[in-house]
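Architecture and fold: a report
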Amino acid sequence: MEIRSGILLSPPHLAGNELQFVKLALGQGRWASGGENLDVFEHRLDCFLGSGYSVGLSSGTAAIHLALIILGVKQDDEVLCQSFTFSASANPITYVGAKPVFIDSEPETWNMCPEALEKAIKDRTAKGKKPKAIIVVHLYGMPAKMEEITAIAAKYGIPLVEDAAEALGSTYKGQKCGTFGEMSVLSFNGNKIITTSGGGALVCRNLEQKNKAVFLSTQARDNAPHYQHSEIGYNYRMSNISAGIGRGQMEVLPQRVEARRKNHEFYTELFRNIEGVTVFTEPGADFYSNHWLSAVIIDPEIAGFTREDLRLKFLEDDIESRPLWKPMHLQPVFADAPYYGKKVAEELFENGLCLPSGSNLTDVERKRIKEALSALIK
Ligand SMILES: *Cc1c(COP(=O)(O)O)cnc(C)c1O
């Protein structure tokens, strides 16, 4: 009997030196907070991004939480957030007692619609609730329309939190994603383009912000020999062991971007002659996606099959695929949150599917994907 293992959506991919760096930390007795791996990992991130001051944290979610705290978002404030995203973009708004207001996407990048954003700012301000922050996301690695969005944020004087959790290695007009926000967020969760097993980073714009983030993420200890606290702190710092994995992973980041982009080329070719299926692609030369996940939109009227038909066919053949993010304004937990926009995100959710996109996807696996698709459409 042929033994076939499942093809996963986005599994971790060993670079090679991770274990060596983990052993180094164990040998140095630096198992927990701080140490050489964390310093080097943050330095490598800063070098890669070309600007900013990274703070390694326990997750991307923690990074968004700290960003909101440092930007001064408080109880009952409102924060504008892209609706079409993973819940981790929005949940931290509630951690600080603030209220999310969700914004629709535009169809080209699937990210925050600048028009809907400006409309929301004007309307909330007219209602006496000027938003305290904007959370924009680069979904699946695709850069959002940052020129328009940063201009609107500046015009109204509202700080921008850039959720670049899925977009390490992507660029917009030649500038790296993760360098646009007042504060930016990266994730190194197990499914991301590089991983620390679990982790994230807050990319700060100056040392003052960085020091504040380090302080808050290590229980907000005042400078005293005993444990003294004047502020509420958090246990959010990345461990030196995790950073060792990240240090190893950083050595191959450019190759990982290349491999994910090759997957996108493979799917572009695969669906080229299948009418009614559109592969998610950059809308122009300003946009360079790391193609963290490749995705398609299926028009069932034209294609003759739905995204569920394709998902279930893949599942039958042990190939993992997944519907696009369900927009936050449609989530039961955020049912009461205001929403600005139309049905762009909703329609993407209804007809979209994420495809196996690991940087370690093999030719044999590509063949299996191709065969499953052929079996469905014949
Ligand atoms: C993964 C992800 C996060 C959260 O990162 P964690 O490290 O898993 O907490 C936030 N936003 C988006 C868009 C993500 O994909």
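Quick caveat, the model's predicted, so the values are computed rather than measured. (Residues numbered from 1 in each chain as written. Predicted model: local features only at pLDDT ≥ 70, side-chain atom pairs only at ≥ 80, totals over all residues. Heavy atoms only, no water.)

Concerning the packing of helix α2 (residues 36-49) against helix α8 (residues 240-250)
For clarity, the cut-off: Every axis in this analysis is a line fitted to C-alpha atoms, fitted for helices over the stretch in contact. Angles between the N-to-C directions lie between 0 and 180 degrees. Note on conventions: DSSP H or I runs of at least 4 residues are helices, E runs of at least 2 residues are strands, and numbering of each starts at the N terminus. The cut-offs work like this: below 35 degrees is roughly parallel, past 145 is roughly antiparallel, 65 to 115 is roughly perpendicular, and the gaps in between are oblique. Two helices crossing with the near one rotated counterclockwise from the far one by less than a right angle form a left-handed crossing, whereas a clockwise rotation gives a right-handed crossing. Two residues qualify as a contact provided that any one of their heavy atoms is within 4.5 Å of a heavy atom in the partner residue. Note on residue classes: Ala, Val, Leu, Ile, Met, Phe, Trp, Tyr, Cys and Pro are nonpolar, Asp, Glu, Lys and Arg are charged, and everything else, Gly too, is polar.
Relative orientation of the contacting elements α2 and α8 amounts to 40 degrees, with a least axis distance of 8 Å. When the interaxial angle is binned, α2 and α8 end up oblique. Between α2 and α8 lies a crossing whose hand is left-handed. Where α2 approaches α8, its residues E36, N37, L38, V40, F41, R44, L45 and F48 are matched on the opposing element by N240, A243, G244, G246, R247 and M250. Of the residues that constitute the contact of α2 with α8, the class distribution is seven nonpolar, four polar and three charged.

A few points about the UniProt feature "active site" (unreviewed entry) in the protein chain
Quick note on the threshold: UniProt positions are given in the numbering used here, feature names are shortened, and annotations may be inferred rather than shown by experiment. Side-chain atoms alone can form a polar contact between residues adjacent in sequence; in general such a contact is a pair of N or O atoms within 3.5 Å, and within protein one must be able to donate a hydrogen while the other accepts it.
Residues annotated by UniProt as "active site" (unreviewed entry) correspond here to K192. Separated by 3.3 Å, the side chains of K192 and S187 make a polar contact.

Describing the packing of aromatic side chains
Aromatic ring pairs are reported here in terms of the distance separating the ring centres and the angle at which the planes meet. Basically, it comes down to this: Only Phe, Tyr and Trp rings take part, Trp by its six-membered ring, and two of them pair if their centres are within 6.5 Å. Stacked means planes under 30 degrees apart, edge-to-face means over 60, and tilted covers everything else. Three labels apply to residues, based on accessible area from a 1.4 Å probe with only protein chains included: buried if under 20% of the type maximum, exposed if over 50%, partly exposed otherwise in between. Any Lys NZ or Arg CZ found within 6 Å of a ring centre and within 35 degrees of that ring's normal is scored as a charge over the ring.
Under the counting rule described, the total for this entry stands at eleven aromatic pairs. Taking 6.3 Å as the distance between ring centres and 5 degrees as the angle between the ring planes, the aromatic pair formed by Y140 and W325 counts as stacked. Residue Y140 is located in the loop between β4 (133-137) and α6 (146-156), and its partner W325 is located in the loop between β13 (322-323) and β14 (339-340); the two are separated by 185 residues in the primary sequence. Judged by relative accessible area, Y140 falls into the buried class, the value being 1%. Taken together, the ring pairs in this structure connect F84, F86, W110, Y140, F280 and W325 into an aromatic cluster. The lysine or arginine in question, R221, covers the ring of Y227, its NZ or CZ lying 3.7 Å from the ring centre.

Section: helix α1 (residues 18-28)
Basically, it comes down to this: This arc is taken over the directions from the axis of the helix to the C-beta atoms.
Along α1, the positions that sit buried rather than exposed are E18, F21, V22 and A25. For α1, the angular spread of buried residues about the axis comes to 100 degrees, placing them on one side. Exposed and facing more than 90 degrees away from the buried side of α1 are L19, K23 and G27. Residue G29 follows α1 closely and has a positive phi angle near 75 degrees.

Some thoughts on helix α5 (residues 114-126)
The condition that has to hold: Given a helix with a known number of residues, its expected span is that number minus one, times 1.5 Å.
Under the 1.5 Å per step criterion, the end-to-end length of α5 is 18 Å for 13 residues, consistent within 8% with the ideal 18 Å. Those residues of α5 that sit buried are P114, A116, L117, E118, A120, I121 and R124. In the core, the buried residues of α5 are packed alongside β2 (78-82), β3 (99-103), β4, α6 and β14. Looking one or two residues beyond α5, the residue adopting positive phi is G128, at roughly 85 degrees.

A short note on the UniProt feature "modified residue: N6-(pyridoxal phosphate)lysine" (unreviewed entry) in the protein chain
Within this structure's numbering, the places UniProt gives as "modified residue: N6-(pyridoxal phosphate)lysine" (unreviewed entry) are K192. One can find K192 in the loop between β8 (183-187) and β9 (200-204). Exposure remark for K192: the relative accessible area of 8% places this residue in the buried category. When near neighbours in sequence (up to four residues on either side) are disregarded, K192 contacts A165, E166, S187, R260 and W292.

A short note on the site of the ligand
Note the cut-off: A single heavy atom is enough: if one lies within 4 Å of a molecule or strand, its residue is considered near that molecule or strand. Throughout, the Shrake-Rupley method with a 1.4 Å probe supplies accessible areas, and for residues the shown protein chains are the sole cover considered.
Of all residues adjacent to the ligand, which total 15 residues, the nearest are T61, D163, E166, S187 and K192. Side-chain polar atom of S187 to an oxygen atom of the ligand: 2.7 Å apart, as the coordinates give it. Within the backbone of G199, an N or O atom sits 3.4 Å from an oxygen atom of the ligand. When the free accessible area of the ligand is taken as 380 Å², the share hidden by the protein chains comes to 94%. Classifying every residue of the shell around the ligand by side-chain character gives four nonpolar, eight polar and three charged.

Focus: the domain arrangement of the protein chain
Stated precisely, the cut-off is as follows: For each domain, the first and last residues come from an automatic or database assignment. Two parts lose some accessible area (1.4 Å probe) when they are put together, and adding that loss for both gives the buried area. Note on definitions: salt bridges are taken to be side-chain nitrogens of Lys or Arg within 4 Å of carboxyl oxygens of Asp or Glu.
Domain annotation for the protein chain reports domain 1 (18-251) and domain 2 (254-377). Taking the mean C-alpha position of each, domain 1 and domain 2 sit 25 Å from one another. Listed as interface residues are 44 residues of domain 1 and, on the opposing side, 37 residues of domain 2. When the two sides are added together, the surface that domain 1 and domain 2 hide from each other amounts to roughly 3,600 Å², 68% of it contributed by carbon and sulfur. Viewed at the interface, domain 2 and domain 1 are joined by one salt bridge. With a shortest N-O distance of 4.0 Å, K173 and D286 are connected by a salt bridge. Grouping the constituent residues of the side of domain 1 that touches domain 2 by class yields 21 nonpolar, twelve polar and eleven charged.

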